[in-house]
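An overview of the molecular structure
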Amino acid sequence: MKKQYNINASRRDFIKHSSLGLAGTSLTGGVVGSLVTSQPALAAEQTTVVTAAHWGPLGVVLEDGKVVKSGPAIPSPLVNELQTVVADQLYSETRVKYPMVRKGYLEGNKDTTLRGRDEWVRISWDKAFELVANEMKRVRDSYGPTGIYAGSYGWYSSGALHAARTLLHRYLNVTGGFVGSKGDYSTGAAQVIMPHVLGTIEVYEQQTSWDVILESSEIVVLWSANPLTTLRIAWTSTDQQGIEYFKKLKESGKRIICIDPVRSESCEFLGAEWIPINTATDVPLMLGIAHTLVSENKHDKAFLQKYTAGYDKFEEYLLGKADGQPKDAAWASKLTGVPVEVIKQLATDFSTKRTMLMGGWGMQRQRHGEQSHWMMVTLASMLGQIGLPGGGFGFSYHYANGGAPTATGGIIGSITANPSAQAGEKTWLDETSKMSFPVARVADALLNPGKTIQYNGTEITYPDIKLVYWAGGNPFVHHQDTNTLVKAFYEPETFIVNEVNWTPTARMADIVLPVTTSYERNDLTMSGDYSMMNIYPMKQVVSPQFEAKNDYDIFTELAKRAGVEAQFTENKSEMDWLKGFYQTAFDAARKNRVLMPKFEKFWEENKPITFKASEKAKKWVRYENFRNDPLLNPLGTPSGKIEIYSDVIAKMNYDDCKGYPSWMEPAEFAGNTTPEAPLALVTPHPYYRLHSQLAHTSLRQKYAVNDREPVLIHKDDAAVRGIVDGDIVRIYNQRGQVLAGAVVTDGIIKGTVALHEGAWYDPADLGQSDKPLCKNGCPNVLTRDEGTSKLAQGNSPNTCIVQVEKFTGEAPAVTVFKQPKQSA
């Protein structure tokens, strides 16, 4: 029987109801196993198809042609409920069933403020293609490629061929170019600062092998990371090895510490020590530990001398010689809420025990977010354990099974945004890279064409965008300060969206084209991102529902109407592409002396191919070669060393990012709340969703409180406001207001509330108010749309303050999961 959240339950019970820690059951009631090889025979009228999604390989059971259930296709270390809702995705009430056009747009009404509240008109596919093709030609002819923005930032569509964003970019490249984006929301700050510090992007790199961690680490620190939630998914498709390794870590008895504003699912499952910390104060805590190391002469001076550059300049700042403020434990304690004695003990423990600092990404999604990862590398350098087995730092253990040893086999190919070109031939992809701006500045760009901003030592001038085309992604849930984003999206003349569901983004468009889920097309994917352990078949489970088409077919038709079909398709069918992608892996595996079946046999067998990791891969230690010989194995930085001080950054002369890691107080955080907004807000990743994906499924019943998103509030903060478990509350600040369901708990630091990101935006009175009430609790209605700094211009949602009050009166119903208004 499925468990549901009881509004009177404690936070600990709420965590338990997340189904952590229990082995799952297969679709037939037995233990989890391969549906292909070990399940009992199904009834004659049933068939099982193997496919995959971000949440892993799936066995999907059909009865009389209709999906009746789904589950894991290979053994799963823990229950992953995300794998059970294939039917919900296929047959949801939220699906876009037909090509639709906003009524005002179809009639020629130029009032773009009708977006999001107009009626919709069903049209034929021929009419839809005509509208889109003509509008694309008009804008391109009138404004050139800088008039078209292909946002489409969102999670990669699982599959080597049917990758929505890549296919959109491919179509726009063959038809003349477009404005693109730089970076991403996940690691917007870290991925720009890390190349200056380590010579690599770092956040998407393989980690020291888990086998080494289990053998050599004595302390594992989860710093702003919740892997039991985020390892349920992967950029391609998860193999859940990361969760299996965290189970082994729990069983090992090693000391595990969680530093987080919230006592997370991972903290509970691992039985870890929880150190509550005020959100956005990770840098002060690291500085306090670092100061203690220096004052007690526990820092590794030999390592700093041999492997780093510029430490002396940083130490002057650390000790207060640069600004008169020593960054000691007492100073850090006031900002972080962590007791002085705890800070000092962490310094002692980290310096005397082999310690792996597993840093998450939430701590860099804040104003001055570049500093958190830079400071963690600096702290690890002071401990001197980088390059040693089980020591140092890692920024991907919580993501896509980082640290799972890389298997020896073959890696499949995939569709590219740039079709095959002759050697030396100029392509629009080359030009597109020059017409891009940081992805988190999209609202700023739409509202301020011609504005120039600083970015990583360069200047970027925003283009004048007239048309936005989005395929994959959900910016009206993803982007910060939603009410400002709404105003920004009134600016383009046309907004086109390819979508499966009536997401908040689709509702804001002018033209919406219905696309298939991954279960309605054929594809291939690999698992693990880092492990490359499996090749999963992604077989079509059912025919396209209603009038949905896949993105490849949609863009093929649009390319045909633009006279460039052959460039787009390269004269290949869906199966031609898949055979070619598979052959890439087949050829690589053969060079590695690993056997793979021919494509036809693989496709017929309907099961994953699994590769094994070598003993060398299991013993791999990140930065070991650099430590062993830094002259022969220099880093990709100007000095070839870890740059604690970056002369390159210093010469940029940015007032919000200095030449060394430092603490700069954000405009909003727990340390400068106001009477109007006395609580800090943190927006962690949800357990039952992938950002906004699956928000519309029956999984919502497991976490919704009074049909709203749950907000975690400390019991003392709730008491002074007369709030009890299950109450509907209003959360508000100067930017907006939302409704949520209260979860009163001691599992969050006092003075902070947690509202999980990914809730669908559901405004009660869009167009009637500057701050419409979001009925469903989308936290980005409240967050700041401000770049992390002039260096990275990343997103900064976790520096935000709010007020919370008990909602009185009759709460408006959540309606975002229903069909929008349609014209008769």
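Here, residues in each chain are numbered from 1, in the same order as that chain's written sequence. Under the rules for a predicted model, residues below a pLDDT of 70 receive no local features and side-chain atom pairs below 80 are neither given nor counted, while totals for whole chains, interfaces and linings still include all residues. Excluding hydrogens and water, the side-chain values take into account all heavy atoms of the structure.

Concerning the pattern of salt bridges
Just so we agree on the cut-off: Just to be clear on terms, a salt bridge is a Lys or Arg side-chain nitrogen sitting within 4 Å of an Asp or Glu carboxyl oxygen. Secondary structure follows DSSP: runs of H or I at least 4 residues long count as helices, runs of E at least 2 residues long count as strands, and numbering of each begins at the N terminus. Classification of residues uses two cut-offs on accessible area relative to the type maximum, computed with a 1.4 Å probe and protein chains only: under 20% is buried, over 50% is exposed, and between them is partly exposed.
Under the definition given, this model contains 41 salt bridges. Between R102 and D510 there is a salt bridge, and its shortest N-O distance comes to 2.8 Å. Of this pair, R102 sits in strand β4 (residues 100-102) while D510 sits in the loop between α21 (504-507) and β20 (511-514), and the two are 408 residues apart along the sequence. Residue D510 is classed as buried on the basis of its relative accessible area of 0%. Counted as one network, the salt bridges with shared partners bring together R367, D655, D656, E668, R735, R784, E786 and K790.

Quick notes on the sheet that holds strand β21 (residues 523-526)
Operational definition: Think of it this way: DSSP has to see at least two bridges between two strands before they count as a pair.
The strand order across the open sheet formed by three strands is β21-β22-β23, and the pairing between neighbours is antiparallel. Bordering the open sheet on either side are β21 and β23 (609-610), each of which pairs with just one other strand. Pairing analysis gives two bridges linking strand β22 (residues 534-538) to β23, with the strands arranged antiparallel. Among the inter-strand pairings, N534 is bridged to a residue of β23, identified as T610.

Things to note about the packing of aromatic side chains
Inclusion rule: Ring pairs are drawn from Phe, Tyr and Trp, using the six-membered ring of Trp, whenever the two centres fall within 6.5 Å, and their geometry is named by plane angle: stacked under 30 degrees, edge-to-face over 60, tilted for the rest. Distance and angle both matter: a charge sits over a ring if NZ of Lys or CZ of Arg is within 6 Å of the ring centre and within 35 degrees of the ring normal.
Applying the stated criterion across every chain yields a total of 36 aromatic pairs. Taking 5.1 Å as the distance between ring centres and 20° as the angle between the ring planes, the aromatic pair formed by Y149 and F437 counts as stacked. With Y149 in strand β6 (residues 148-149) and F437 in strand β15 (residues 436-438), the pair connects residues that are 288 residues apart, well separated along the chain. Of the two residues, Y149 and F437, neither departs from the other in class, the shared state being buried. Both rings, one in Y582 and one in F599, keep their centres 5.5 Å apart while their planes meet at 70°; by these two values the pair is edge-to-face. One end of the pair, Y582, is in helix α24 (residues 574-591); the other, F599, is in helix α25 (residues 599-605), with 17 residues separating them in the sequence. Over the ring of Y98 we find R122, and its NZ or CZ is 3.5 Å from the ring centre.

As for the nonpolar core
Where a protein is soluble and globular, its nonpolar side chains tend to be buried together. In plain terms, the rule: Grouping buried Ala, Val, Leu, Ile, Met, Phe, Trp, Tyr and Cys residues that are joined through side-chain atoms within 4.5 Å yields what is termed a nonpolar core. Pairs of residues are marked as contacts when any of their non-hydrogen atoms sit within 4.5 Å.
W223, F314 and I731 are the most contacted members of the largest nonpolar core, which has 152 residues in total. Residues within four places of W223 in sequence aside, it is in contact with I259, D282, L285, M286, I289, M358, G359, G360, M363, M376 and L379. Within the second largest apolar cluster, 57 residues are counted, among which are I412, I496, W577 and F611.

Digging into the side chain of H299
Relative to the helices and strands, H299 is located in the loop between α11 (282-295) and α12 (301-307). The buried category is assigned to H299, whose relative accessible area is 10%. H299 has contacts with L293, V294, L304, Y311, E315 and M382, leaving out every residue within four places of it along the chain.

Topic: helix α6 (residues 190-198)
One turn of an α-helix holds 3.6 residues; hence residues three or four places apart share an orientation. α6 sits mainly inside the fold: eight of its nine residues count as buried. Of the surrounding elements, those touching the buried residues of α6 are α16 (370-383), β13 (392-394), β16 (452-455), β25 (642-643) and α28 (647-650).

Details of the pairing of strand β2 (residues 56-63)
Counting buried positions over the eight residues of β2 gives seven, a clear majority of the element. One ladder, built from eight bridges, connects strand β1 (residues 46-53) with β2; its direction is antiparallel. Bridged to V50 within β2 is G59. Between β1 and β2, which pair antiparallel one after the other, the connecting turn spans two residues.

Description of empty space enclosed by the protein
Rules: Of the grid points, spaced at 1 Å and generated over the protein atoms alone, those admitting a 1.4 Å probe that cannot get out make up cavities, while open sets with protein on both sides within 12 Å along at least five of seven lines make up pockets; any residue with an atom within 4 Å of a point is treated as lining. Grid points are joined across faces, edges and corners, and a volume is the space filled by probe spheres set on the points. Three categories are distinguished: nonpolar for Ala, Val, Leu, Ile, Met, Phe, Trp, Tyr, Cys and Pro, charged for Asp, Glu, Lys and Arg, and polar for the others, with Gly belonging to the last.
Counted under the stated rule, the structure contains eight cavities of 30 Å³ or more. Contributing to the lining of the largest cavity are 38 residues, with S157, G473, E499, V500 and Q693 lying nearest its centre. Of the residues assigned to the lining of the largest cavity, the class counts are 14 nonpolar, 20 polar and four charged.

Let's talk about the packing of α6 against α16
Selection criterion: Note on geometry: axes are C-alpha line fits, over the in-contact stretch for helices, and angles between N-to-C directions span 0 to 180 degrees. Here is the rule for handedness: rotate from the far helix to the near one, and if that takes an anticlockwise turn smaller than a right angle the crossing is left-handed, while a clockwise turn gives right-handed.
At their nearest, the axes of α6 and α16 sit 8 Å apart, and the two run at 35° to each other. For the crossing formed where α6 meets α16, the hand is right-handed. Contacts between α6 and α16 involve A190, I193, M194, V197 and L198 from the first element and E370, H373, W374 and V377 from the second. Here the residues of the contact of α6 with α16 sort into seven nonpolar, one polar and one charged.

A few points about the side chain of Q206
Where we set the bar: The term polar contact refers here to a pair of N or O atoms within 3.5 Å; inside protein, the definition further demands a hydrogen-donor-capable atom paired with an acceptor-capable atom, and it admits residues adjacent in sequence only when both atoms are side-chain atoms.
The topology assignment puts Q206 in the loop between α6 and α7 (210-216). Overall, the relative accessible area of 15% leaves Q206 in the buried class. At a separation of 2.9 Å, a polar atom in the side chain of Q206 contacts the main-chain amide nitrogen of G403.

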